[in-house]
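Residue-level structural notes
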Amino acid sequence: MGNRVTIIILLAMFIGACSMKPAESTNEINGKLFIIGGGHKPTSMVQKMIKESGIREGGYGIVLPMSSSVPDTSAYYGMLQFQELGIENMHAFNFADSNLKSVDAKLDSLRNATLVYIPGGVQGRFMKAVYNTPGLEKAIKEAYAKGALIAGTSAGAAIMSEIMITGDQKNYPEYTSTFYHLEKGNIITAEGLGLITGVIIDQHFIARARNNRLLTAIMEFPGHIGIGIDESTAIVVQGAKVKVVGKSQVIVYRNLSGSAHVQNGKIASQNIRLDIYLPGETFSI
């Protein structure tokens with residue numbers, strides 16, 4: 001009798017286990033990205049960030065000003081744009097500050113934020129702070145996974161990609177805002193946060209005529225989509241769905257051939273698709 005009871009109990013446990021829903025993937029993303037192409041942000045764009053984040057309903061926002069050479073000023077204005085619209089619960093953490101106290105507590109605050117905003121500057125400067133602060137990248141990604149809106153403008157947009165355009169060229173050391181050549185091995189990239197994968201972001205795109213730069217990138221990395229975002233314009237990314245907001249256009253390049261070839265240092269590829277999107281329009285990645 002005892003053996004029969006034991007068997008029945010084990011069988012019931014087995015059936016129950018089989019009927020349970022599988023655990024949610026730890027890679028599930030519940031947040032959104034708000035990627036701004038730089039330049040002036042109209043009030044309507046800041047209002048859109050507030051709405052998409054849900055911060056009016058509760059929670060708090062954090063500004064990460066490490067891209068800037070004047071992080072205190074960047075932090076001040078980064079918070080002010082939200083405060084002027086009634087969002088008072090904003091804070092700024094400069095993780096590049098070697099005197100930063102209570103790093104663990106600030107990382108914990110970051111991973112539980114409702115909105116994270118990354119102003120402009122130099123994207124490499126921001127990533128240096130990430131490399132030098134154990135746990136910072138993980139905290140940003142955890143906030144994103146939990147449902148935070150991660151927003152960034154200019155350099156704060158560039159760091160969203162896994163492959164990050166630095167703006168520098170190997171063959172032409174003197175900086176120019178655009179590329180005048182399409183050459184193999186010229187573009188310099190670095191590792192970004194990788195919040196958006198399979199995509200390379202470029203910013204100030206139409207205003208600074210950066211077509212050659214992004215074309216070079218998608219030929220050097222043909223498995224990636226190139227998204228060029230103009231000034232005063234942004235994309236809102238949720239999963240594979242992308243919506244354009246703001247005042248100007250977003251240009252998307254897809255290297256459908258999946259390859260590129262070189263002749264005398266010049267890089268080329270056929271079957272590159274170009275799409276131009278206006279505010280309110282959507283596309284998938």
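Predicted model only: the values in this text are computed from it and were never measured.

Cut-offs used in this document
- Residues numbered from 1 in each chain as written.
- Predicted model: local features only at pLDDT ≥ 70, side-chain atom pairs only at ≥ 80, totals over all residues.
- Heavy atoms only, no water.
- Helix = DSSP H or I, 4+ residues; strand = E, 2+ residues; numbered from the N terminus.
- Buried < 20%, exposed > 50% of the residue type's maximum accessible area, 1.4 Å probe, protein only.
- Contact = heavy atoms within 4.5 Å.
- Areas by Shrake-Rupley, 256 points an atom, 1.4 Å probe, with all protein chains shown as cover.
- Lys, Arg positive; Asp, Glu negative; His and termini not counted.
- Charge placed at Lys NZ, Arg CZ, Asp CG, Glu CD.
- Pairing = 2+ DSSP bridges.
- Axes fitted to C-alpha atoms, helices over the stretch in contact; angles between N-to-C directions.
- Salt bridge = Lys/Arg side-chain N within 4 Å of Asp/Glu carboxyl O.
- Core = buried A, V, L, I, M, F, W, Y, C linked by side-chain atoms within 4.5 Å.
- Polar contact = N/O pair within 3.5 Å; in protein donor to acceptor, adjacent residues only side chain to side chain.
- Phe/Tyr/Trp six-rings, centres within 6.5 Å; stacked < 30°, edge-to-face > 60°.
- Lys NZ or Arg CZ within 6 Å of the ring centre and 35° of its normal.

1. Points about the overall build of the protein
Looking only at helices and strands, one finds 8 helices and 16 strands in the protein. The principal-axis extents of the C-alpha atoms in the protein amount to approximately 85 × 45 × 40 Å. When each of the 285 residues of the protein is scored for burial, the buried share is 46%. A separation of at least 24 residues holds for 73% of the contacts in the protein among residues at least 6 apart in sequence. For the protein, the accessible surface area stands at approximately 14,000 Å², while carbon and sulfur atoms represent 53% of it. Here the protein contributes 26 positive and 23 negative side-chain charges, whose respective centroids are spaced 4 Å apart.

2. Things to note about the sheet that holds strand E5 (residues 149–153)
Strand order across the open sheet formed by 8 strands is E3-E2-E4-E5-E1-E10-E11-E16, with mixed pairing between neighbours. The two strands at the open ends of the sheet, each matched to only one other strand, are strand E3 (90–92) and strand E16 (282–284). Averaged over all adjacent pairs, the angle separating strand axes in this sheet is 20°, with direction ignored. Its contacts with the sheet place helix H3 (residues 71–83) against strand E2 (61–63), E3 and strand E4 (115–118), and it is angled at close to 170° to E3.

3. Overview of the sheet that holds strand E12 (residues 250–255)
What the 4 strands build is an open sheet, ordered E8-E9-E12-E15; its pairing is mixed. Two strands lie at the open edges of the sheet, namely strand E8 (199–203) and strand E15 (272–277), each paired on one side alone. Put simply, the sheet's adjacent strands are angled 15° from each other on average, direction ignored. Across 6 bridges, E12 lies against E15 in antiparallel orientation.

4. Some words on unusual backbone geometry
Even without being glycine, Ser154 reaches a positive phi, approximately 55°. Secondary-structure assignment places Ser154 in the loop between E5 and helix H7 (155–158).

5. Focus on the environment of Ala113
Considering the arrangement of structural elements, one finds Ala113 in the loop between helix H4 (103–111) and E4. You can call Ala113 buried: its relative accessible area is 8%. Placed 34 residues apart in sequence, Ala113 and Gly147 show a C-alpha to C-alpha distance of 8.9 Å. Each residue touching Ala113, except ones within four places of it in the same chain, is listed here: Tyr60, Ile62 and Ala148.

6. Looking at the pattern of salt bridges
On inspection of all chains with the given rule, the structure shows 12 salt bridges. Of the charged contacts, one joins Glu52 and Lys48 as a salt bridge, the two residues approaching to 3.2 Å between their closest N and O atoms. Of this pair, Glu52 and Lys48 both sit in helix H2 (residues 43–53), 4 residues apart, which is roughly one turn of that helix. Each of the salt bridges in this network shares a partner with another, and the network as a whole consists of Asp108, Arg111, Lys138 and Glu142.

7. Quick word on the nonpolar core
Leu64, Phe126, Ile227 and Ile235 are the most contacted members of the largest nonpolar core, which totals 45 residues. Here this core takes 5 residues from helix H6 (residues 136–146), the largest share from any one element. Discounting chain neighbours no more than four positions away, the residues touching Ile235 are Leu33, Phe34, Ile35, Ile201, Ile227, Ile229, Val242, Lys243, Val244 and Val250. Core analysis: the next-biggest nonpolar cluster, separate from the first, contains 19 residues, Phe34, Ile36, Ile55 and Val236 among them.

8. Some details on the side chain of Asn255
Of note, Asn255 is situated in strand E12. In terms of polar contacts, Asn255 uses its side chain to reach the side chain of Ser257, at 2.7 Å. A distance of 3.1 Å separates a polar atom in the side chain of Asn255 from the backbone oxygen of Ser259. Beyond its immediate chain neighbours, meaning those up to four positions away, Asn255 contacts Ile218, Met219, Pro222, Ser269, Gln270, Asn271 and Ile272.

9. Side note on the packing of aromatic side chains
Two descriptors summarise a pair of aromatic rings, namely the distance from one centre to the other and the angle between the planes of the rings. Inspection of every chain in the model, using the stated rule, returns 4 aromatic pairs. Arranged with centres 6.1 Å apart and planes meeting at 85°, the rings of Phe93 and Phe95 form a pair that is edge-to-face. With relative accessibility at 11%, the residue Phe93 sits in the buried group. On the basis of an interplanar angle of 25° and a centroid distance of 4.4 Å, the ring pair of Tyr277 and Phe283 is categorised as stacked. As far as burial versus exposure is concerned, Tyr277 and Phe283 are alike and both buried. Note that Lys106 overlies the ring of Phe93, its terminal NZ or CZ placed 5.7 Å from the centroid.

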